[in-house]
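Next come the chains, spelled out residue by residue.
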Amino acid sequence: MPAKQPSSSHQPHLAPIPDGLQRQLEAFRKKLWRIKISEALLAGCAGLITSFLFVFLLDRFFETPTSVRLIILLAGTSLFAVFAPYWIHRWVYRHRRENQLARLISLRFPKLGDRLLGAVELQDQNEGKETLSPQLRAAAMKNVAAEASRLDLTAALPTPQHRKWLLSVITLLSISTILIFTFPHAGMNSLKRWIMPLSSTERFTFTRLDLSVIGTPERVPYGEAFSLTIPLAKDTARKPKVARARYGKGDWVEAPLSNGSYTFEFMGQRALDTVLIEAHDAHHALPFEPVMRPEAESIQAVAKLPQYLQRADKNVDLRSGYMSLVEGSSISIETTTTRKLKSAHAEIVVLPQGADLQSPPTLEEGQTVEPTQQKITPQKIGLKLNGKTLTSDLIPIAIEPMMLTIKWQDIYNLSSANPFQIRIEPLMDQAPSSYLQGIERQHIMLAEETIEFDVIAEDDYGLKACGISWDGAFNKAMPGSPAKGELTITQGSPTKTTINTPFSFSPANLSIEPQKISLRSWTEDYKPGRGRVYSEPVTLFILSRLEHAQVLKNQFDSAIGELEDIARQEQNLNDENLRTERNMGKDLQTETSRKKLKLQQDSEAANKERMQELTKRMEKLFKDAVRNGEIEKESLKKISNALQAMKELSQQDLPQIEKKLEHAQDRRNTNKKSQEDLKEAIEKQNQAIEKMKKALEDAKEANKMFEAGTFVNRLKRSARAQDSIAHSIIDLIDQIIGSDYDELDPVEQRAIKKSHAKQRQNAIDLHWIQEDLASYYSRTQKPEHKELYDTIRKSMVDEELDELAKRIMANFSFSSIAQSKHWANEIRKWVKQLDGEKNSGGGGGGGGGSQEDQDFEFMLKVMRMIQQEQDIRARTRALEDLRRSLQTQTPETKS
Amino acid sequence: MKSIAYIVVYTAMTSFSCLADDPINKKETGTEPIEENLQQALKQHGEKAQSLAIEQDELSADVQDLIDEQTDAEVIGMLREIEVIMADATDLLDQKNTGGATIATETEVIEKIFEAAKKKQQNQKKDGG
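Residues numbered from 1 in each chain as written. Chains lettered and ligands numbered in written order. Predicted model: local features only at pLDDT ≥ 70, side-chain atom pairs only at ≥ 80, totals over all residues.

1. Concerning the overall build of chain B
Part 1 of the reasoning: For chain B, the count of helices and strands is 4 helices and 0 strands.
Part 2 of the reasoning: Secondary structure elements in chain B, listed N-terminal to C-terminal, are α-α-α-α.
Part 3 of the reasoning: Buried positions account for 33% of the 129 residues belonging to chain B.
Part 4 of the reasoning: Relative to all contacts within chain B whose residues are 6 or more apart in sequence, the contacts with residues 24 or more apart total 67%. (Helix = DSSP H or I, 4+ residues; strand = E, 2+ residues; numbered from the N terminus. Buried ≥ 20, exposed ≤ 12 C-beta atoms within 10 Å, placed from the backbone. Contact = placed C-beta atoms within 7 Å.)

Spelled out as structure tokens, the structure:
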């Protein structure tokens, strides 16, 4: 059984070892402890310094990761924290007692060690008297002490390492101190990073790059080559001439130092990756993400049109890069991009007039504008940014074209591929236009007639109103003033750009007397100060019935001339057909004969078409003549007869001749059959010529009666007018006789004025009758007209009637009545003079059945009635148009 | 708003002033009562309608003359019918009605006259045949 070990070296022993030995062991222990504690501490220090140096060293080559630095620090401190306690425990704690020391000594001096261990154990041996001899024990102890005293126990100490550790510590410390003093930034930085591995202390490099402008990740344009410029930091210790970088696992790209920075050119990239940058000891790994550039998702302008147009703001899509807007407008551009924006810039350039639309000048950075005659100065436009949206300030549209350039940069510092350019073309607010449609430039009509047409007005922005206006002029001297008026047909609106409205114009409804009217449509837009724009005029000849009859007469003359020409042509064709029959009749089936017949057939067809055309004209003429009412029944009957003949000729006779001539050339015909066809054609042609002659005769007869009747009617009307004047004065005679005009009652004054005007009008009419008679005679050379003209001239009716008008005005009532009656009788005599001629001039139309006359008269009356009813209806419609135009204006008035 | 109303009324006035053949450039003084001018314009429209009524009545008299000249009972009957319709048209115009009803009545008159003329021709052919 092993001896019980003392719990402590300081416990009193039963028989302590000799003092000398005791001291010797104590000294041994102290020395052992000192050495081993020193070793532990120095090793701990060496570990710490080594770990620092390790971090310093690693940091010089790359960015030592936090974890590595932590491990290094833990490893370094572990010598202190783990090794030192262990060492102390091993060598101090476990070598604190004499027996422990004896065992250690026995390792070097085994014999002494055993004996020394025995002596130590004897100290506390507690045995009985019969088994233990204190003297022997003391002697043994002495003996051991004597033996130990002869030896140097320090030789039994384990090999001391503390000097080596000290040397190591001093060396490491010296190195660290030197490094810190030599590279204070690097040293301190490493120290900091070593002590606080988890802190975000940036690694110190001698080459320092300024990465403050690089994002995390840094966004680059997707798929586009890009350049990366990395400047050296201001506090960089070194400035390597070349740096290199690579995108992901791509090739290294080298960049020389230029202007204090390195610019790397990379190919287009599509994937998120890391860019490694190396410049001497500066090594960085930066995340890069290729993203699409910020493009315009929508771009539109809110256009404020000039106030006078009274139009609401409108949105204009500007993706086309072009917009045109009326001058005086202003626009605000609103753009939405695909990404949030960081900054934007807009400027506007006023372009010279007529600048090329296809190649607007671009004002990109660094680009100089081509020298032009005018100086182009960009003007900055204010922009408001709100996330993805940017809104410009109001841009006024002047009279010159402009180019607006907008650039933007998103939150990743990416700009759009190209600056967005918008060409703004100012438009002039064009004047509106107006025209009358569905009416000829010149139109002849009676005052009772109604003409229908469309009033059309157009404008680029909005029509305020449109209407018509008329301005009359008398064709001959007339009392009173010519008609002048206007009418608003439709009110427009700021958004109404076209007005197309039918309108019925009735001179009678508008109290327009016979005269020449210049009719225009007008319109106006909202532009201040522009006023009305008028259409080209349409001239309306509003005729009295007599004037209308005269016009019809002229048209009838022309129609007769045309009929004569057709008849002549038909006669020529007939002659030619006879010649053909005579010369080629024996062989009409030859090619020459056929050609000849074909030629004749074509000519016949042409003549037929002329006749059809003339028949249409004649029909219209007849209708107008019926409408006129002043043309006598006999004349109309003759016209009707001629018209009937012409209808038959154009619809039956001439087509039959043409057909026969066509048959005559038929190849399937025998020569005999062709001869028969030609013969029949000639026979029918003869009949047609006879019919034409008869029609011509009727037409000429009608014309004769027409012209005579026209003068007769005009003179009759003039005589009636004189009678009427006389009677109106007779009606007033009791009130007015013997008084001065000025003394008369206003009612009577008005009546006298009216008679005076009537007298003047009649004088003018008679003057024109003379003029017309003279012209008519010079054209027809008919003696009866010359005779009448001379009679009227001799009578000096012009002067006399003028004098009479003055008398009426001066209230010479009695003489006025007498003179009026005198001239009424005189004019009737002239009527008889001409009417006799008219009645005797015919002679061709006699023998017509009375039933036929009655029927014709009935039809004539019915036709007139229909025309009159149509006139009434048209005028009713015109009145309704007027009423409606008034009604459309009334509600606005009330509002 | 008031000024717009004035402009519109002026336009209306000038529109109807033409019925009286007023000069084109006659300017609104602004002192004349608006309602009065409108009433005047409407009055003139009425006068013109009534003048048409007189013309319609005169035409009706012509129909009566035509009836007197006729011997064919059928035609006479038709002309009498026309006379009645014409009287309606006259009444409507006299009431200053120029609207669709009046125009329809006038159209009926025209159609009936055509029919009467046709009937007359047919009867003549029968008699002649």
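2. So, the overall build of chain A
Part 1 of the reasoning: Regarding its fold elements, chain A presents 16 helices and 27 strands.
Part 2 of the reasoning: Scored against the burial criterion, the 895 residues of chain A give a buried share of 36%.
Part 3 of the reasoning: For chain A, restricting intrachain contacts to residue pairs at least 6 apart in sequence, the fraction spanning at least 24 positions comes to 75%.

3. A short note on the sheet that holds strand β21 (residues 451-458) of chain A
By way of backbone hydrogen bonds, the strands of a sheet pair with one another, either parallel or antiparallel.
Residues and elements named next belong to chain A.
Part 1 of the reasoning: The antiparallel open sheet is built from 3 strands, whose spatial order is β19-β21-β24. Edge positions in the sheet fall to β19 (433-437) and β24 (498-505), since each of these pairs with one other strand and no more. Between one strand axis and the next, the sheet turns through 20° on average, direction left out of account.
Part 2 of the reasoning: Pairing geometry for β19 and β21, over 5 bridges, is antiparallel. In the strand pairing of β21, tyrosine 435 is matched with isoleucine 456. (Pairing = 2+ DSSP bridges. Axes fitted to C-alpha atoms, helices over the stretch in contact; angles between N-to-C directions.)

4. Section: the sheet that holds strand β18 (residues 420-427) of chain A
All names here are of chain A.
Part 1 of the reasoning: Ordered by their spatial adjacency, 5 strands build an open sheet running β10-β18-β17-β12-β13, and the pairing between neighbours is mixed. If you trace the sheet from one side to the other, it starts and ends with β10 (322-326) and β13 (379-381), each paired once. Ignoring which end each strand starts from, the neighbouring axes of this sheet average 25° apart.
Part 2 of the reasoning: Pairing geometry for strand β12 (residues 341-350) and β13, over 3 bridges, is antiparallel. Paired with glutamate 347 across the two strands is lysine 380, which belongs to β13.

5. Points about the pairing of strand β27 (residues 538-543) of chain A
Residues and elements named next belong to chain A.
Part 1 of the reasoning: Two strands pair when backbone bridges link them, and strand β20 (residues 442-446) and β27 are joined in this way by 5 bridges, in the parallel orientation. Within β27, the position partnered with histidine 443 by the bridge is leucine 540.
Part 2 of the reasoning: Pairing of strand β25 (residues 515-525) with β27 involves 5 bridges; the strand directions are antiparallel. Counted as the bridge partner of lysine 516 is phenylalanine 541 from β27.

6. Section: the nonpolar core
For soluble globular proteins, nonpolar side chains are generally found buried alongside one another.
Part 1 of the reasoning: In terms of nonpolar packing, the biggest core is built from 54 residues, with Cys466(A), Ile468(A) and Ile82(B) touching the most fellow members.
Part 2 of the reasoning: Once residues within four sequence positions are removed from consideration, Cys466(A) is found in contact with Ser434(A), Val455(A), Ala457(A), Ile489(A), Thr490(A), Gly492(A), Ile499(A), Ser521(A), Trp522(A) and Thr523(A).
Part 3 of the reasoning: Residues Met618(A), Ala664(A), Ile682(A) and Met692(A) belong to the second largest nonpolar core, which totals 38 residues. (Core = buried A, V, L, I, M, F, W, Y, C linked by C-beta atoms within 7 Å.)

7. Some details on unusual backbone geometry
Part 1 of the reasoning: Here the bond from Thr216(A) into Pro217(A) is cis, since omega is -5°, no more than 30 degrees from zero.
Part 2 of the reasoning: Tracing the backbone shows Pro217(A) in the loop between α7 (184-195) and β1 (218-221).
Part 3 of the reasoning: Here the phi dihedral of Asn811(A) falls at roughly 65°; this positive angle occurs in a residue that is not glycine.
Part 4 of the reasoning: Mapped onto the fold, Asn811(A) is located in the loop between α14 (797-809) and α15 (813-841).
Part 5 of the reasoning: Phi at Lys96(B) takes a positive value of approximately 65°, unusual for a residue other than glycine.
Part 6 of the reasoning: With respect to the element layout, Lys96(B) can be found in the loop between α3 (73-94) and α4 (100-128).
Part 7 of the reasoning: By the C-beta count within 10 Å, which is 20 here, Lys96(B) ends up buried.

8. Comments concerning the packing of helix α12 (residues 746-780) of chain A against α14(A)
Residues and elements named next belong to chain A.
Part 1 of the reasoning: Where α12 contacts α14, the axes come no closer than 9 Å and their chain directions differ by 175°. In terms of orientation, α12 lies roughly antiparallel with respect to α14. From α12, Ile752, Ser755, His756, Gln759, Arg760, Asn762, Ala763, Leu766 and His767 reach across to α14, where they touch Val797, Asp798, Leu801, Asp802, Leu804, Ala805, Ile808 and Met809.
Part 2 of the reasoning: Tallied by class, residues from the contact of α12 with α14 come to 9 nonpolar, 5 polar and 3 charged. (Parallel < 35°, antiparallel > 145°, perpendicular 65-115°, else oblique. Nonpolar A, V, L, I, M, F, W, Y, C, P; charged D, E, K, R; others polar.)

9. As for the environment of Ile827(A)
Residue and element names in this part refer to chain A.
Part 1 of the reasoning: Mapped onto the elements of the fold, isoleucine 827 is located in helix α15.
Part 2 of the reasoning: Using a count of 25 C-beta atoms within 10 Å as the deciding quantity, one classes isoleucine 827 as buried.
Part 3 of the reasoning: Between the alpha carbons of isoleucine 827 and leucine 766 there is a distance of 9.5 Å; along the sequence they are 61 residues apart.
Part 4 of the reasoning: Among all residues touching isoleucine 827, those that are not within four sequence positions of it are Leu715, Ser718, Ala719 and Gln722.

10. Side note on the confidence of the model for chain A
Close inspection of predicted coordinates is inappropriate in any region flagged by low pLDDT.
Residue and element names in this part refer to chain A.
Part 1 of the reasoning: With 92% of its residues at a pLDDT of at least 70, chain A reaches an overall mean of 84.
Part 2 of the reasoning: The low-confidence segment residues 357-374 (pLDDT under 50) makes 21 contacts with residues lying over four places distant or belonging to another chain.
Part 3 of the reasoning: pLDDT under 50 marks residues 891-895. Its contacts with residues more than four places away, or in other chains, come to 7 contacts. (pLDDT = per-residue confidence, 0-100.)

11. Topic: the confidence of the model for chain B
Residue and element names in this part refer to chain B.
Part 1 of the reasoning: When pLDDT is averaged along chain B, the result is 74, and 68% of the positions lie at 70 or above.
Part 2 of the reasoning: No element of chain B has a lower mean pLDDT than helix α1 (residues 2-17), which averages 39, and none a higher one than α3, which averages 93.
Part 3 of the reasoning: Segment residues 1-33 is flagged for pLDDT under 50; beyond a separation of four residues in sequence, or across chains, it makes 57 contacts in the model.
Part 4 of the reasoning: Our summary of model confidence lists the complex with pTM equal to 0.61 and ipTM equal to 0.79.

12. Quick notes on helix α4 (residues 110-122) of chain A
All names here are of chain A.
Part 1 of the reasoning: With 13 residues, α4 should cover 18 Å at 1.5 Å per step; its first-to-last C-alpha distance of 18 Å lies within 8% of that length.
Part 2 of the reasoning: Among the residues of α4, Leu116, Leu117, Ala119, Val120 and Leu122 are the ones counted as buried.
Part 3 of the reasoning: Taken together, the buried residues of α4 touch α1 (19-61), α3 (98-108) and α5 (134-149). (Expected span 1.5 Å × (residues − 1).)

13. Brief notes about the environment of Leu198(A)
Part 1 of the reasoning: For Leu198(A), the position within the fold is in the loop between α7 and β1.
Part 2 of the reasoning: In this structure Leu198(A) touches Thr66(A) and Leu70(A), once residues within four positions along its chain are discounted.

14. Quick look at the environment of Lys380(A)
Residues and elements named next belong to chain A.
Part 1 of the reasoning: The residue lysine 380 is located in strand β13 in this model.
Part 2 of the reasoning: Residue class for lysine 380 comes out exposed when judged on the 10 C-beta atoms lying within 10 Å of it.
Part 3 of the reasoning: Between the alpha carbons of lysine 380 and alanine 346 there is a distance of 6.0 Å; along the sequence they are 34 residues apart.

15. Some thoughts on the packing of helix α9 (residues 591-628) of chain A against helix α10 (residues 633-664) of chain A
Residues and elements named next belong to chain A.
Part 1 of the reasoning: One can describe the packing of α9 onto α10 by two numbers: an axis separation of 9 Å at closest approach and a directional angle of 160°. Between α9 and α10, the angle is such that the two are roughly antiparallel. Regarding α9 and α10, the two cross each other, and that crossing is left-handed.
Part 2 of the reasoning: Looking at the contact of α9 with α10 residue by residue, the class counts come to 18 nonpolar, 7 polar and 6 charged. (Left-handed = near helix turned anticlockwise from the far one by under 90°.)

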